[in-house]
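Spelled out, the chains give:
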Amino acid sequence: MPAQFNGVPLPSSGAKIAYRNNSFIVPDNPIIPYIEGDGTGRDIWRASQRVFDAAVAKSYAGKRRVVWYEVFAGEKAFRQFNNWLPDETVDAIRELRVAIKGPLTTPVGGGIRSLNVALRQILDLYACVRPVRYYQGVPSPVKHPERMNIVIFRENTEDVYAGVEWKQGTAEAKRLIDFLNNEMLKGTTKRIREDSGVGIKPISITGTKRLVRMAIQHALAANRKAVTLVHKGNIQKFTEGAFREWGYELATQEFRSQVVTERESWMIDAKDRNPELTIEQIAEYVEPGLEFAPPKFRDELYAEVRSVLSAIYNTHGQGAWKQKLMINDRIADSIFQQVVTRPEEYSVLATPNLNGDYISDACAAQVGGLGIAPGANIGDQYAVFEATHGTAPKYADKDVINPGSVILSGVMLFDFIGWKEAARLIESSMERTILQKKVTYDFERLMEGATKVRTSEFADYIIQNMDVARTTAA
Ligand code: NAP
């Protein structure tokens, strides 16, 4: 591999993370590239890095160490290399596989590729992963924020992120509208208005299945109880509805012995409760009012019940299904209510791009909002962990901003590379610091009797609390 990127030599004290047989091989001294970020990114990164290093040092007593390696993007890259995103930055992340970044300015004036989009596309980071859980003491707008503990897997390459759209009034838009009206919609009552802008919403089998696979693998590894497919399939049957269908297909084909769908669970449960029930009676249990349905619908449901019971009753019956990972689905609008009223019923959500965008922020708002919301873009061979907020430029270099989002993105990174002790130590120490009411301005203004601390001081207190957390745990 090249000995340097952007003129900065790779540190000889570190080793690179490798990828073999579908897994990451992490040395005890991995070189991890970081992008400091613009605006408040500088304060945040400085504080976060100290927290990360302290947690690793205290967890592994010198046996493990992250060898940080700076790569450049955003304003810093533009100043040094006259390039907002040097190719060598992307090359470095590709070579070193796991990276972390602070927020970056979106350059004004256009014509410049966005770092996030470029990284997502080049490295095929197809899942945007957002864990949303409550840390005690964090101010929240809901009564029981502790009930939320959800991980969202949002598809990152299709749907609105495909970016396929044409501006109203252009020749391209007119051409597409004409084609649709004159050919595809010919003979129907549907028309696209001539003065429309138009966009295409592709959702593929490939994109859906790999995303749902990652969500299920995570749920099984983390011993989570359910994966919920979130979609708007009641309206958009062939995109959102297909996401649901392909999700179920993937789950039942690739993870058969480990999962049960909600619908299957109704059939199995009915038979568990009364083994004498006929196929027809079980079908009635699944679709109440079945007697009024057309015969074709009834026959199809009978066939489905027969097929499910003969395929999995032996393995999933007599209560065994209760130990399996539940796969269910919810319509997008209803999930917005549910995560507010009954968040404890949800565990892992798998969503197409646009729904996932909204639901991620709606969930994060309940447990403390932007300043503390971590995230990652993950593909099969690379992962980039990042703050979910922007650069908050008015607070730049004032040492006041909340570094929680990057710190918790680091927690995700440590979990990802298997350094669980460091991850838990950071979480518990940060929680303790917030419970002590030593918080940055954004939390202080929402908390009674809190002490407002600087970004750097917040990191100091977290580090101090690591010793308390370790003594308590011992
Ligand atoms: P923003 O930077 O996220 O800031 C909006 C407001 O959110 C801040 O003024 C602050 O609210 C609050 N906030 C954000 N981060 C916080 C933190 N760490 N701690 C406490 N409060 C925090 O959004 P923006 O002002 O719309 O965007 C600024 C720049 O960031 C733009 O160039 C945008 O394109 C870019 N951006 C980058 C990313 C990324 O790199 N991932 C994401 C989003 C936006 P108060 O004023 O109420 O304190």
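Here the structure is a predicted model, which is why all the values come from computation and not from measurement.

A. Expanded view of the site of the ligand. Of all residues adjacent to the ligand, which total 21 residues, the nearest are Thr106, Gly390, Ala392, Tyr395 and Tyr441. One of the backbone N or O atoms of glycine 390 is found 2.7 Å from an oxygen atom in the ligand. At 2.9 Å from an oxygen atom of the ligand is found a side-chain nitrogen or oxygen belonging to lysine 394. Bound to the protein, the ligand loses 68% of the 880 Å² it would expose on its own.

B. Region of interest: unusual backbone geometry. Backbone geometry places aspartate 124, a non-glycine residue, at a positive phi of 50°. Using a relative accessible area of 32% as the deciding quantity, one classes aspartate 124 as partly exposed. At aspartate 399, a residue that is not glycine, the phi angle is positive and equals roughly 60°. By the element assignment, aspartate 399 lies in the loop between strand 17 (383-387) and helix 13 (404-416). Overall, the relative accessible area of 18% leaves aspartate 399 in the buried class.

C. Main features of the sheet that holds strand 17. Strand order in the open sheet made by the 11 strands is 6-5-7-17-16-8-9-15-12-14-13, with mixed pairing throughout. Edge positions in the sheet fall to strand 6 (67-70) and strand 13 (259-261), since each of these pairs with one other strand and no more. Between one strand and the next, the sheet's axes are offset by a mean angle of 25°, whatever the strand orientation. In this sheet, strand 6 lies alongside strand 5 (residues 31-35) in parallel orientation, the contact comprising 4 bridges. What sits directly across from proline 33, in strand 6, is tyrosine 69. Set on the sheet, helix 13 makes contact with strand 5, strand 7 (98-101), strand 8 (127-133), strand 16 (374-378) and strand 17; between it and strand 17 the angle comes to about 160°.

D. View of the pattern of salt bridges. Scanning the entire structure with this criterion turns up 33 salt bridges. Two residues, lysine 209 and glutamate 249, come together in a salt bridge whose shortest N-O distance is 2.8 Å. Pair noted here: lysine 209 is in helix 6 (residues 205-221) and glutamate 249 is in helix 7 (residues 240-254), with a separation of 40 residues, a long-range link. In this structure, arginine 330 and glutamate 262 form a salt bridge, with 3.1 Å as the shortest nitrogen-oxygen distance. Of this pair, arginine 330 sits in strand 14 (residues 325-331) while glutamate 262 sits in helix 8 (residues 262-273), placing them 68 residues apart in sequence. A single burial state applies to arginine 330 and to glutamate 262, both of which are buried. Linked by salt bridges that have partners in common, Arg133, Asp415, Lys420, Arg424, Glu427 and Glu431 make up one network.

E. Representation of the packing of helix 13 against helix 14 (residues 420-435) in the model. Closest axis-to-axis distance for the helix 13/helix 14 pair is 7 Å, and the angle between their directions is 155°. In this view, helix 13 runs roughly antiparallel relative to helix 14, as classed from their interaxial angle. Helix 14 is crossed by helix 13, and the crossing has left-handed handedness. For the pair helix 13 and helix 14, contact is made by Gly404, Ile407, Leu408, Val411, Phe414 and Asp415 and by Lys420, Ala422, Ala423, Arg424, Ile426, Glu427 and Met430, respectively. In terms of residue class, the contact of helix 13 with helix 14 is made up of 8 nonpolar, 1 polar and 4 charged.

F. Up close: the side chain of aspartate 442. Its location among the elements puts aspartate 442 in helix 15 (residues 441-444). Nearest to the buried, unbridged aspartate 442 among oppositely charged side chains is arginine 445, at 6.3 Å. Among the polar contacts made by the side chain of aspartate 442, one reaches the side chain of asparagine 402 at a distance of 3.0 Å. A polar atom in the side chain of aspartate 442 sits 2.7 Å from the side chain of threonine 440. Sequence-distant contacts of aspartate 442, defined by excluding residues within four places in its chain, comprise Gly371 and Asn402.

G. Looking closely at a nonpolar patch on the surface. A cluster of nonpolar side chains, Val164, Trp166 and Ile200, forms an exposed patch at the surface whose accessible area comes to about 220 Å². With respect to the element layout, isoleucine 200 can be found in the loop between strand 11 (198-199) and helix 6. Judged by its relative accessible area of 40%, isoleucine 200 is partly exposed.

H. Seen up close, the pairing of strand 5. The element strand 5 is extensively covered by neighbouring structure, given that 5 of its 5 residues are classed as buried. Alternating residues of strand 5 divide into Ile31, Pro33 and Ile35 and Ile32 and Tyr34, and every residue in both groups is buried. Handedness of the crossover joining strand 5 and strand 6 through helix 1 (residues 41-60) is recorded here as right-handed. Across 2 bridges, strand 5 lies against strand 7 in parallel orientation. Considered in strand 7, the bridge of isoleucine 35 is made with lysine 101.

Analysis parameters
Residues numbered from 1 in each chain as written. Predicted model: local features only at pLDDT ≥ 70, side-chain atom pairs only at ≥ 80, totals over all residues. Heavy atoms only, no water. Near = heavy atom within 4 Å. Polar contact = N/O pair within 3.5 Å; in protein donor to acceptor, adjacent residues only side chain to side chain. Areas by Shrake-Rupley, 256 points an atom, 1.4 Å probe, with all protein chains shown as cover. Buried < 20%, exposed > 50% of the residue type's maximum accessible area, 1.4 Å probe, protein only. Helix = DSSP H or I, 4+ residues; strand = E, 2+ residues; numbered from the N terminus. Pairing = 2+ DSSP bridges. Axes fitted to C-alpha atoms, helices over the stretch in contact; angles between N-to-C directions. Contact = heavy atoms within 4.5 Å. Salt bridge = Lys/Arg side-chain N within 4 Å of Asp/Glu carboxyl O. Parallel < 35°, antiparallel > 145°, perpendicular 65-115°, else oblique. Left-handed = near helix turned anticlockwise from the far one by under 90°. Nonpolar A, V, L, I, M, F, W, Y, C, P; charged D, E, K, R; others polar. Lys, Arg positive; Asp, Glu negative; His and termini not counted. Patch = residues over 30% accessible without salt bridge, like charges linked within 9 Å, V, L, I, M, F, W, Y side chains within 5 Å. Right-handed = clockwise from strand over helix to strand, strands pointing away.

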